[in-house]
Amino acid sequence: RKEREGREGREERKKREERKEREGRKDREGRKEREERKEREGRIGREERIRREERKEKIRRKENGKEKIERKENGKEITKSKHSKEGIKEKRGKREKGEASAHSKRSVLEGSRLLSEGERDGDESVLNMHRHDGHYHDDDDDNSDGHYYDDNDHYDDDDDSLSESASSFSVSSSSLSASSHSSSSHSSSRYHSPSPSPSSSSSSSLSSSSSSSVALTSSNTSPSSSSSAPPTLVRPEQFTKAEDILSGRTPMGISLEFMYGNNRSDLEILNELKNSTDARVSVLHGAVVAANAFLHAGTTVDVFLRENLDWLSRSINWSKFSATASVGVIHKGHLQQGLALLEPYLPNNNSSSVTRSAYSEGGAMFALGLIFANHGNRAIYEQLFSGLDLGDSENEYVASHGACLGLGLVALGTDDDSCISHLKASLYHESAVVGEAAGMALGLVGAGCGGGDYVKEMLEYAHDTPHEKVVRGVGLGVALCFYGLEEKADAIIDQMTQDQDPTIRYGGMYAIGMAYRGTDNNNAVQKLLHFAVSDVNDNVRRAAVLCVGFVLAGSPDLVVKAVALLTESFNLHVRYGAAMAIGIGCAGSGSKEALALLEPMLSDRNDLVLQGVLVATALVLIQQPETKLAPFRRVLDRIIHDRHEDVMYRMGAILATGIIDAGGRNATISLKTRSGMFRLTSFIGLAVFTQYWYWYPLIYFLSLALHPTALIAVNENFQMPKVSLNCACKPSMFATAPPLAETPAKDHKQKFAAILSATLKAKERARKKEARKQAKAKAEAAAAAAAAAAA
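Here the structure is a predicted model, which means the values were calculated and not measured.

A.B. asks: Mind showing me how you'd approach the overall build of the protein here?
C.D. replies: Helix and strand counts for the protein come out as 35 helices and six strands. Counting contacts in the protein only where the partners sit at least 6 residues apart, residues at least 24 apart contribute 75% of the total. Accessible area of the protein: about 39,200 Å², with a carbon and sulfur share of 50%.

A.B. asks: Please clarify how the side chain of Ser 426 should be interpreted in this entry.
C.D. replies: Mapping Ser 426 onto the fold places it in helix H18 (residues 417-427). The buried category is assigned to Ser 426, whose relative accessible area is 5%. Residue contacts for Ser 426: discarding those within four places in its chain leaves Leu 388, Cys 404, Val 434 and Ala 438.

A.B. asks: Even after reading the chapter, I still don't get the nonpolar core, so can you show me in this structure?
C.D. replies: For soluble globular proteins, the rule of thumb is that nonpolar side chains tend to be buried together. Tyr 510, Phe 550 and Ile 684 are the most contacted members of the largest nonpolar core, which totals 180 residues. Residue contributions to this core peak at 10 residues, all from helix H29 (residues 607-621). Leave out the neighbours within four places in its chain, and Phe 550 touches Tyr 510, Gly 513, Met 514, Tyr 516, Arg 517, Gly 518, Ile 584, Phe 683, Leu 686 and Ala 687.

A.B. asks: Would you mind going over the packing of aromatic side chains with me for this structure?
C.D. replies: One pair of aromatic rings is described through two measures. These are the centre distance and the angle between the planes. By the definition in use, this model includes 15 aromatic pairs. A ring pair is formed by Phe 678 and Phe 683, whose centres lie 5.6 Å apart and whose planes are at 75 degrees; its orientation type is edge-to-face. Accessibility assignment for this pair places Phe 678 and Phe 683 in one class, buried. Between the aromatic rings of Phe 689 and Tyr 692, the centroid separation amounts to 5.3 Å while the plane-to-plane angle is 35 degrees, which identifies the pairing as tilted. Note on Phe 689: relative accessible area 1%, which makes it buried. Among the aromatic residues, those joined into a cluster by ring pairs are Trp 318, Phe 321, Tyr 359, Phe 366, Trp 695 and Phe 701. Lying over the aromatic face of Tyr 694, Arg 472 brings its terminal NZ or CZ to 3.9 Å of the ring centre. When the ring centre of Tyr 483 is taken as reference, the NZ or CZ atom of Arg 517 above it lies at 4.9 Å.

A.B. asks: Even after reading the chapter, I still don't get the pattern of salt bridges, so can you show me in this structure?
C.D. replies: Note that side chains of opposite charge can pair when their charged atoms are close. Applying the stated criterion across every chain, the model contains 14 salt bridges. The salt bridge involving Arg 306 is made with Asp 302; its shortest N-O contact spans 3.0 Å. By relative accessible area, Arg 306 is classed as exposed at 55%. Between Arg 633 and Glu 626 there is a salt bridge, and its shortest N-O distance comes to 2.9 Å. A relative accessible area of 18% means that Glu 626 is categorised as buried. Taken together, the shared-partner salt bridges connect Glu 626, Arg 633, Asp 661 and Arg 665 into one network.

A.B. asks: Help me understand unusual backbone geometry, please; the structure alone is not making it clear to me.
C.D. replies: Residues apart from glycine generally show negative phi values, whereas peptide bonds are mostly found in trans. The phi dihedral of Asn 317 is positive, around 55 degrees, even though this residue is not glycine. Locating Asn 317 in the fold gives a position in the loop between helix H12 (309-312) and helix H13 (318-330). Even without glycine at this site, Asp 520 takes up a positive phi of about 55 degrees. Tracing the backbone shows Asp 520 in the loop between helix H23 (502-515) and helix H24 (522-534).

A.B. asks: Just checking my understanding: could you explain the packing of helix H21 (residues 468-481) against H23 for this structure?
C.D. replies: Interhelical geometry of H21 versus H23 gives an angle of 20 degrees and a closest axis separation of 8 Å. By the angle class used here, H21 and H23 are roughly parallel. Judged by the twist between their axes, the crossing of H21 over H23 is right-handed. Residues Glu 468, Val 471, Arg 472, Gly 475, Leu 476, Ala 479 and Leu 480 of H21 pack against Thr 503, Ile 504, Tyr 506, Gly 507, Tyr 510, Ala 511 and Met 514 of H23. Looking at the contact of H21 with H23, its residues break down into nine nonpolar, three polar and two charged.

A.B. asks: It is not clear to me how the packing of helix H20 (residues 453-464) against H21 should be interpreted in this structure. Could you clarify?
C.D. replies: Any two packed helices are characterised by the angle at which their axes cross and by the distance between the axes. Between H20 and H21, whose axes approach to 9 Å, the crossing angle comes to 155 degrees. Considering the angle they form, H20 stands roughly antiparallel to H21. Both H20 and H21 take part in a crossing whose hand is left-handed. Two secondary-structure elements touch here, H20 through Tyr 454, Val 455, Met 458, Leu 459, Tyr 461 and Ala 462 and H21 through Val 470, Val 471, Val 474, Gly 477, Val 478 and Cys 481. Looking at the contact of H20 with H21 residue by residue, the classes come out as 11 nonpolar, one polar and no charged.

A.B. asks: Explain helix H8 (residues 249-261) to me, please; I cannot follow it from the model alone.
C.D. replies: The first and last C-alpha atoms of H8 sit 18 Å apart over 13 residues, in line with the 18 Å expected at 1.5 Å per residue. Burial in H8 covers these residues: Arg 249, Thr 250, Ile 254, Leu 256, Phe 258 and Met 259.

A.B. asks: Just to check I follow, could you spell out the environment of Pro 347 for this structure?
C.D. replies: Topologically, Pro 347 is positioned in the loop between helix H14 (338-342) and helix H15 (358-371). When the C-alpha positions of Pro 347 and Gly 362 are compared, they lie 8.5 Å apart, and in sequence the two are 15 residues distant.

A.B. asks: Even after reading the chapter, I still don't get a nonpolar patch on the surface, so can you show me in this structure?
C.D. replies: A cluster of nonpolar residues, Leu 711, Val 723 and Leu 725, forms a patch on the protein surface that exposes about 350 Å² of accessible area. Note on placement: Leu 725 falls in the loop between strand S6 (706-708) and helix H34 (731-734).

A.B. asks: So what exactly am I meant to see when it comes to the side chain of Lys 274 here?
C.D. replies: Within the secondary structure layout, Lys 274 lies in helix H9 (residues 267-276). Comment: no salt bridge for buried Lys 274; closest opposite-charge side chain is Glu 307, at 8.9 Å. Once you skip the residues sitting within four places of it in the chain, Lys 274 turns out to touch Val 288, Phe 304, Asn 308 and Trp 311.

Thresholds applied
Residues numbered from 1 in each chain as written. Predicted model: local features only at pLDDT ≥ 70, side-chain atom pairs only at ≥ 80, totals over all residues. Heavy atoms only, no water. Helix = DSSP H or I, 4+ residues; strand = E, 2+ residues; numbered from the N terminus. Contact = heavy atoms within 4.5 Å. Areas by Shrake-Rupley, 256 points an atom, 1.4 Å probe, with all protein chains shown as cover. Buried < 20%, exposed > 50% of the residue type's maximum accessible area, 1.4 Å probe, protein only. Core = buried A, V, L, I, M, F, W, Y, C linked by side-chain atoms within 4.5 Å. Phe/Tyr/Trp six-rings, centres within 6.5 Å; stacked < 30°, edge-to-face > 60°. Lys NZ or Arg CZ within 6 Å of the ring centre and 35° of its normal. Salt bridge = Lys/Arg side-chain N within 4 Å of Asp/Glu carboxyl O. Axes fitted to C-alpha atoms, helices over the stretch in contact; angles between N-to-C directions. Parallel < 35°, antiparallel > 145°, perpendicular 65-115°, else oblique. Left-handed = near helix turned anticlockwise from the far one by under 90°. Nonpolar A, V, L, I, M, F, W, Y, C, P; charged D, E, K, R; others polar. Expected span 1.5 Å × (residues − 1). Patch = residues over 30% accessible without salt bridge, like charges linked within 9 Å, V, L, I, M, F, W, Y side chains within 5 Å. Lys, Arg positive; Asp, Glu negative; His and termini not counted.

Here is the structure:
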């Protein structure tokens with residue numbers, strides 16, 4: 001027995017030693033791995049900083065190292081750069097005569113083809129015409145500084161490729177003006193890429209060419225007929241109008257005029273919200289600011305903010321960031337004055353009228369993106385690029401956060417190389433604040449493009465970074481890159497949904513929802529429902545149920561049937577996701593089935609679920625008749641004015657109040673165009689809006705899904721004439737809610753008369769004495785009546 005016990009003891013000691021050795025080996029390997037990761041991340045950061053410095057030095061060298069040619073002209077010494085306006089104009093005149101005929105013939109074919117393609121409707125087809133490769137240029141002689149450069153090389157006057165410019169037109173709306181010798185002299189096979197250039201540069205090119213040349217076109221588009229029939233002269237303004245229509249600037253300007261002229265928002269509602277909430281509670285204060293932004297979205301009416309500056313000044317830190325960003329929602333689409341409006345708050349501004357704050361600067365750049373969403377120009381890009389290179393302090397991270405979100409909105413769906421390189425540098429900055437925004441912004445820039453090598457780099461970085469916020473931003477960004485690609489996204493979906501990191505699986509749920517948006521794909525719905533009931537992480541389950549609304553967005557009835565049982569789940573995250581899925585899939589429909597499913601959920605015990613139910617109900621009821629809205633308004637009013645309700649519940653009620661009256665009661669959440677095509681901006685906006693669960697400033701992405709509900713008629717000059725239409729519906733069908741009457745200030749100091757106890761006792765004795773007299777009188781009357789009867 002002793003020998004056996006000794007042997008067992010030796011074996012136990014040996015096992016303990018082996019276990020200690022194994023644990024020590026694991027610790028050493030873990031330390032080594034962490035050191036290698038830190039070294040790799042530091043190396044990546046150093047390489048990015050070196051590349052950034054080299055890029056800046058390259059641009060500085062291009063600007064300062066230009067060759068200068070001295071020549072005598074009219075007896076004066078003139079120093080002229082080969083990149084100056086005079087040099088370009090001189091070169092333009094040299095090639096004008098020899099190339100005019102070739103340019104005109106090609107412009108006939110390109111212009112006729114693009115005009116025929118431009119008749120297609122839908123945001124997705126229009127967005128594809130804005131894709132470019134990162135070259136920002138402006139041919140407007142009045143605004144350009146004369147320097148044309150890209151990321152690889154600069155414009156060279158002596159390059160032989162200039163002679164081949166007649167055959168290197170960009171396939172975009174700017175090729176409509178290719179016949180004008182002003183724009184053709186600026187094009188080269190090296191300068192224009194096969195992909196389209198930004199719409200803003202096309203517009204400025206058209207405006208500058210219209211004053212110096214006349215476009216040529218022909219009634220027949222075939223080469224044989226164009227060679228036999230003489231060309232007819234057409235005004236360049238027609239090309240400008242066509243380009244403005246295809247780029248969306250003309251519809252946006254007309255809609256802006258309509259939204260401003262027909263604003264029916266009620267300021268008294270906002271005053272009630274402000275008075276019923278405590279400004280010291282930042283969540284409710286920010287919710288009122290967001291409600292005001294939605295209520296006046298796209299109307300350019302910021303009266304409430306101007307009249308309550310003292311109340312608004314109570315916003316601090318990130319609340320100030322959100323308050324400044326709300327200006328972008330109010331002035332959405334105001335392309336002419338948007339930059340001037342926010343200029344006092346932007347970085348690198350010397351204005352002394354506004355107090356400098358990193359939070360207001362970041363919010364201003366975010367607001368800039370909301371105003372110019374998908375309609376950026378060169379000045380906007382440069383402003384946002386400058387916001388990304390501010391420094392390494394914590395306050396400057398805040399400004400970079402807003403610059404990343406703004407850049408993603410401005411370059412939405414363009415897959416621009418220059419934007420991607422800037423955002424990747426911000427992503428590798430090892431900051432959770434900047435990295436989260438950079439990851440989302442990369443997805444916004446590459447929305448619907450499938451990404452490229454940078455998608456793999458994003459996922460690799462998500463596994464290396466220790467910040468959960470960065471991982472979540474990267475996961476959502478990858479999901480946005482595969483918008484509408486369906487089966488092409490299956491490989492990346494399988495990779496993300498099978499990952500061990502729950503945050504990456506969370507992004508995989510959105511990848512399924514974005515890739516199969518509105519397709520009613522059975523396999524996609526089955527995957528989402530499988531994760532909704534089997535995943536061990538609550539965030540993944542919530543995202544899976546929510547994304548069912550994106551997949552079934554084309555059939556609102558199917559959304560209600562798919563999530564009906566999940567609304568009764570024991571898990572609060574699943575119930576919240578089911579409510580939001582109904583709100584997204586049935587947005588703006590007023591579906592009775594959806595409302596019947598949401599109404600019982602108002603008795604839920606969890607405040608977060610109640611918040612989601614209120615927001616979802618508002619999404620369903622937006623732009624519905626007042627007969628449907630009146631009961632819901634009373635529910636919201638009761639919740640808002642009850643100070644004993646939970647803060648999250650009251651926040652949902654305040655947001656819902658702003659959503660149901662969005663856009664001055666003239667806007668709705670539209671997921672499809674009139675031709676039946678899905679709107680990329682609407683799906684992207686709703687997907688990022690749902691991230692307010694983690695980050696409240698992302699609430700403002702809902703403005704991307706808001707579109708005017710109006711029938712707009714225009715004449716040949718794209719102006720709205722005075723017309724009258726007959727409608728057989730009842731006036732109550734389109735009537736808005738009557739304005740609230742101003743409630744007078746209540747005097748809470750009520751006066752009460754002091755009553756002594758002796759007085760009360762005396763009154764009680766008098767009451768009893770009177771009662772005895774009445775009883776005695778009744779008894780005497782009864783006795784007299786009895787005596788009379790006996791006689």
